Amino acid sequence: MREIRLHGPSDLRLEERPHPGKPGPGQVLLRNKAVGICGSDLHTYHDARIGDTALKGPLCLGHEFGSVVEAVGEGAVDGNDQPLQAGTPVAVDPAQPCGHCEFCERGHPNLCQNIHFCGTYPDQGALCDFMLMPSRCCFPIAKDMDFGEASLLESLGVALHAVDLATIRVGDTAAILGAGPIGLLTLQVAKLAGAGPIFISDKFPWRLKLAEKLGGVPINCDTSDPAQVVTRATKGRGVDVAIEAAWADQSVQQAADMVRLGGRMVLVGISGNDEIKMKHSTVRRKGMTIRLSRRMKHVYRRAIDLYQRHAVDFKSLISHRFPLEKSAEAFAMNMKYEPGVVKIIIDL
């Protein structure tokens, strides 16, 4: 079968790999149909590591994906605890918690001590024709759903988890830093939760144009100081909630500067240098609550329901599609953030 593997920084190769074989008990064999490129993929692609997790061998990237069930193992049930059948189209949760450690038992599978996660070394990802997965990671989708849009359900799950952590209430004011796919989905979810106005900053004009279309108040962080813009717009008060969904660099301090006294900040973005920098006096004097978002938990059913009710817009986010053979070109384009890039989907 075909597989895209990362051998080092920016070194993606199309290779022929052995078929993974038949599924065992509680497993399914998936035929992957579409994979989204995520910001965390770009970290690994660019640096051959993410945070303190470094590549020690070739890695197949990809954790946002839609697939078709090719074969099922004994006792295979989906994420809704229903029997799975071959031919079922599914969205796939890339996280595979153990279900038995202290944190799983406390209801925090995203903090599992023994978690496996597709596309994070050493766990192989979805940029391949076939893969084996635990059946419980699979959630059936409508037969007419575009698989590229299905891959965005994982991103929507991340956005839902971030908004849950932010405890947004009707009438809260909010700011989102970063108008990439996660930021744009967070904007849509925060709006559904009743927040407004919602300021959103980015440096790319085409992303800000889309953010405005989706209901945000756009701020170009290359031409204005987002914190100053928000402070003026709120008459010095600041916003109730700021959600950082960029690259966790100067955007962290900007988020802290935007938040009102006693406000809340959620950090979703991943720092390139594995550090978070902000002024201690800013957060201390404001008595801020700071929460860091770790992937997602217990949100896939909600994500699918929101999509099926047409409550979120996926189609506008997909800017480019590439075949698997051109994955290296797709990653290079995304890494350079060439004009027009929002979400790139790789079709298999």
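Described below are features of the structure shown in this document. (Residues numbered from 1 in each chain as written. Predicted model: local features only at pLDDT ≥ 70, side-chain atom pairs only at ≥ 80, totals over all residues. Heavy atoms only, no water.)

## So, unusual backbone geometry
Part 1: Of note, the amide linkage connecting Y121 to P122 takes the cis form, showing an omega dihedral of 10°.
Part 2: Along the chain, P122 falls in the loop between β9 (116-117) and β10 (130-134).
Part 3: Here the amide bond leading from G196 into P197 is cis, since omega sits at -5°, within 30 degrees of zero.
Part 4: Relative to the helices and strands, P197 resides in the loop between α4 (181-192) and β13 (198-202).
Part 5: Even without being a glycine, A48 presents a positive backbone phi close to 55°.
Part 6: With respect to the element layout, A48 can be found in the loop between α1 (39-47) and β4 (49-50).
Part 7: On the accessibility criterion, A48 (13% relative accessible area) is buried. (Helix = DSSP H or I, 4+ residues; strand = E, 2+ residues; numbered from the N terminus. Buried < 20%, exposed > 50% of the residue type's maximum accessible area, 1.4 Å probe, protein only.)

## Here's the deal with the packing of helix α3 (residues 147-166) against α4
Part 1: At their nearest, the axes of α3 and α4 sit 8 Å apart, and the two run at 55° to each other. Between α3 and α4, the crossing angle belongs to the class labelled oblique. Here α3 runs over α4; the crossing is right-handed. The segment α3 lies against α4, with L152, S155, L156, V158, A159, L160 and V163 engaging I182, L185, T186, V189 and A190.
Part 2: By residue class, the composition of the contact of α3 with α4 is 10 nonpolar, 2 polar and no charged. (Axes fitted to C-alpha atoms, helices over the stretch in contact; angles between N-to-C directions. Parallel < 35°, antiparallel > 145°, perpendicular 65-115°, else oblique. Left-handed = near helix turned anticlockwise from the far one by under 90°. Contact = heavy atoms within 4.5 Å. Nonpolar A, V, L, I, M, F, W, Y, C, P; charged D, E, K, R; others polar.)

## A word on the nonpolar core
Part 1: Membership of the largest hydrophobic core comes to 52 residues, with the highest contact counts inside it found for L153, L156, L184, I243 and F314.
Part 2: Only α3, β12 (174-177), α4, β13, α5 (205-213), β15 (239-244) and α9 (300-308) provide two or more residues apiece to this core.
Part 3: Take this core: its biggest share by element is 12 residues, from α3.
Part 4: If we skip the residues at most four places from it in the chain, L153 touches A91, I141, M145, Y300, A303, I304, Y307 and F314.
Part 5: Among the nonpolar cores identified, the runner-up in size contains 40 residues, and L12, L29, C137 and F322 belong to it. (Core = buried A, V, L, I, M, F, W, Y, C linked by side-chain atoms within 4.5 Å.)

## Digging into the sheet that holds strand β16 (residues 259-267)
Part 1: The 6 strands are arranged β14-β13-β12-β15-β16-β17 in an open sheet whose pairing can be described as parallel. Two strands close off the open sheet at either side, each with one partner strand: β14 (217-220) and β17 (289-292). Mean inter-strand twist for the sheet, computed between neighbouring axes without regard to direction, equals 20°.
Part 2: Sheet strands in contact with helix α7 (residues 250-258) are β12, β15 and β16, and its direction is about 150° off that of β16. (Pairing = 2+ DSSP bridges.)

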